[in-house]
Amino acid sequence: MLRWVAFPSSVAASSLNCYIVRSPEILTGVKLVNDVGQDVLPGETSCEAAKRGVHSTTASRALLQAPVYFFPPVLLSTVPMFKNLLLRNPMASVPLTTYLVLVSFGLGLPATVAIFPQMSELKMEDAEEKFQGLLDKRTGKPYEVFYYNKGL
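Worth saying up front: this structure is predicted, and the values here are computed from it rather than measured. (Residues numbered from 1 in each chain as written. Predicted model: local features only at pLDDT ≥ 70, side-chain atom pairs only at ≥ 80, totals over all residues. Heavy atoms only, no water.)

A look at the packing of aromatic side chains
One pair of aromatic rings is described through two measures. These are the centre distance and the angle between the planes. Per the counting criterion, the structure on display carries four aromatic pairs. Judged by centre distance (5.6 Å) and plane angle (70 degrees), the ring pair of Phe-7 and Tyr-69 falls under edge-to-face. Of this pair, Phe-7 sits in helix α1 (residues 6-28) while Tyr-69 sits in helix α2 (residues 47-78); the two residues are 62 residues apart in sequence, bridging distant segments of the chain. Taken together, Phe-7, Tyr-69 and Phe-70 form an aromatic cluster joined through their ring pairs. (Phe/Tyr/Trp six-rings, centres within 6.5 Å; stacked < 30°, edge-to-face > 60°. Helix = DSSP H or I, 4+ residues; strand = E, 2+ residues; numbered from the N terminus.)

Structure representation (structure tokens):
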């Protein structure tokens, strides 16, 4: 039973830490930009975009734990090279596990961060009222989509 406590505990701790650290951003908001990166309403921020950014970042932190917790034990128990090494030299278990955890983290971090794009979209109808009906200065047409930096 205790063997399975670490994974949900680290998922909860990592996610909660990310949310607590980033939650003030939900109250202050983030700026919305157009497709070329120009601020669509200078001096104004979107709390809806900030909320979506914080939630997606929190989810990616939760997903980051999976490769770190599952790849090393699976590799150690299924790859013949690792199994034979550990049978011949049990003291290699700690350094090998440490190495596999580092590799799993190194490969898992970019993969989980990439799940949610850095520059995310927010449809005009999902934005706050102050952003509704804004016209693109370049085209003269109303914006359909805004962009925001979700953060890391």
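Read on, since the account is not over.
Quick look at the nonpolar core
In this structure, Leu-32, Val-40, Phe-131 and Phe-146 are the most contacted members of the largest nonpolar core, which totals 13 residues. If you list the elements that add at least two residues to this core, you get α2 and β2 (145-149). For Phe-131, the residues in contact, after removing those within four places along its chain, are Leu-32, Val-40, Leu-41, Glu-44, Thr-45, Ser-46, Met-124 and Phe-146. (Core = buried A, V, L, I, M, F, W, Y, C linked by side-chain atoms within 4.5 Å. Buried < 20%, exposed > 50% of the residue type's maximum accessible area, 1.4 Å probe, protein only. Contact = heavy atoms within 4.5 Å.)

Overview of the pairing of β2
Here is the key point about a regular strand: its side chains alternate between the two faces of the sheet. By the alternation rule, side chains of β2 split into Phe-146 and Tyr-148, which are all buried, and Val-145, Tyr-147 and Asn-149, of which none is buried. Summarising the sheet, strand β1 (residues 119-123) and β2 pair through five bridges and their orientation is antiparallel. Opposite Leu-122, over in β2, you have Phe-146 as the bridge partner. (Pairing = 2+ DSSP bridges.)

Some thoughts on the pattern of salt bridges
Scanning the entire structure with this criterion turns up seven salt bridges. Across the salt bridge formed by Glu-48 and Lys-51, the nearest N and O atoms sit 3.5 Å from each other. With Glu-48 and Lys-51 both in helix α2 and three residues apart, the pair spans about one turn of that helix. Given a relative accessible area of 34%, Lys-51 falls into the partly exposed group. With its nearest N and O atoms 2.8 Å apart, the salt bridge here joins Glu-48 to Arg-52. In this pair, Glu-48 and Arg-52 both sit in helix α2, four residues apart, roughly one turn of the helix. Residue classification places Arg-52 among the partly exposed residues on the basis of a relative accessible area of 30%. Because the salt bridges share partners, they merge into one network encompassing Glu-48, Lys-51, Arg-52 and Asp-126. (Salt bridge = Lys/Arg side-chain N within 4 Å of Asp/Glu carboxyl O.)

Quick look at the side chain of Thr-112
Take Thr-112: it is sitting in helix α4 (residues 93-114). Taking relative accessible area as the criterion, Thr-112 reaches 6% and is therefore assigned buried. Separated by 3.2 Å, the side chain of Thr-112 and the backbone oxygen of Leu-109 make a polar contact. When near neighbours in sequence (up to four residues on either side) are disregarded, Thr-112 contacts Ser-60, Leu-63 and Leu-64. (Polar contact = N/O pair within 3.5 Å; in protein donor to acceptor, adjacent residues only side chain to side chain.)

Thoughts on the side chain of Ser-120
Relative to the helices and strands, Ser-120 resides in strand β1. Assessed through its relative accessible area of 9%, Ser-120 is described here as buried. Within the structure, Ser-120 has its side chain in polar contact with the backbone oxygen of Pro-117 (distance 3.0 Å). Each residue touching Ser-120, except ones within four places of it in the same chain, is listed here: Phe-146, Tyr-147, Tyr-148 and Lys-150.

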